[in-house]
Structure formats: structure tokens, C-alpha cells
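Reading the structure
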Amino acid sequence: MAFVYPSRAANYLEGETLFQWSLASSKGGVCLARNGVSFETVQLKDVLKRVL
């Protein structure tokens, strides 16, 4: 998550989308972090299809 906050700040300060991201997991769906926060993720194979 360390990269998300600076990226969000850059987008906010510039007033446009400079950075965008997807959170991915092996199965996709909701992923529960150790601190109890849940995140919706996309399946990793779907991300790889977009990149390759």
C-alpha cells in the first residue's frame, strides 16, 4: 500500500489522473488485510492479459 498514497496525492494535486492501479490476488474478489481492511481485487490472470 506504500505506493498507493503517494500516487493518490499526485493525482489529487495535479487535478488529473497521472497514476492508476488495480489490486490483484490469485483468485480475485475481496481480500482481507491483516489490519482488518478489506479490498476488492481482480484476478491476477486478468491483469496479466491487459499487460501482455
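Quick notes on the rules
Residues numbered from 1 in each chain as written. Predicted model: local features only at pLDDT ≥ 70, side-chain atom pairs only at ≥ 80, totals over all residues. Heavy atoms only, no water. Patch = residues over 30% accessible without salt bridge, like charges linked within 9 Å, V, L, I, M, F, W, Y side chains within 5 Å. Areas by Shrake-Rupley, 256 points an atom, 1.4 Å probe, with all protein chains shown as cover. Salt bridge = Lys/Arg side-chain N within 4 Å of Asp/Glu carboxyl O. Helix = DSSP H or I, 4+ residues; strand = E, 2+ residues; numbered from the N terminus. Pairing = 2+ DSSP bridges. Buried < 20%, exposed > 50% of the residue type's maximum accessible area, 1.4 Å probe, protein only. Polar contact = N/O pair within 3.5 Å; in protein donor to acceptor, adjacent residues only side chain to side chain. Contact = heavy atoms within 4.5 Å. pLDDT = per-residue confidence, 0-100.

**Some thoughts on a nonpolar patch on the surface**
- Where nonpolar side chains cluster on the molecular surface, the patch consists of Phe-3, Leu-18, Phe-19 and Trp-21 and spans about 390 Å² of accessible area.
- Looking at the element boundaries, Trp-21 is found in the loop between helix 1 (4–14) and strand 1 (24–25).

**Observations concerning the sheet that holds strand 3 (residues 38–43)**
- Pairing within the open sheet is mixed, and its three strands lie in the order 1-3-2. Of all the strands in the sheet, just strand 1 and strand 2 (29–32) have a single pairing partner and so form its edges.
- The pairing of strand 2 with strand 3 spans four bridges and is classified as antiparallel. Considered in strand 3, the bridge of Cys-31 is made with Phe-39.

**A closer look at the side chain of Ser-25**
- The topology assignment puts Ser-25 in strand 1.
- Residue classification places Ser-25 among the buried positions, given a relative accessible area of 18%.
- Among the polar contacts listed, one links the side chain of Ser-25 to the backbone nitrogen of Gly-28, at a separation of 3.0 Å.
- Leaving out residues up to four positions away in the same chain, Ser-25 has contacts with Thr-41, Val-42, Gln-43 and Leu-44.

**Topic: the confidence of the model for the protein**
- Across the protein, the average pLDDT comes to 88, with 94% of residues at or above 70.
- Mean pLDDT per element in the protein: helix 2 (residues 44–51) is the minimum at 80, and strand 2 is the maximum at 94.

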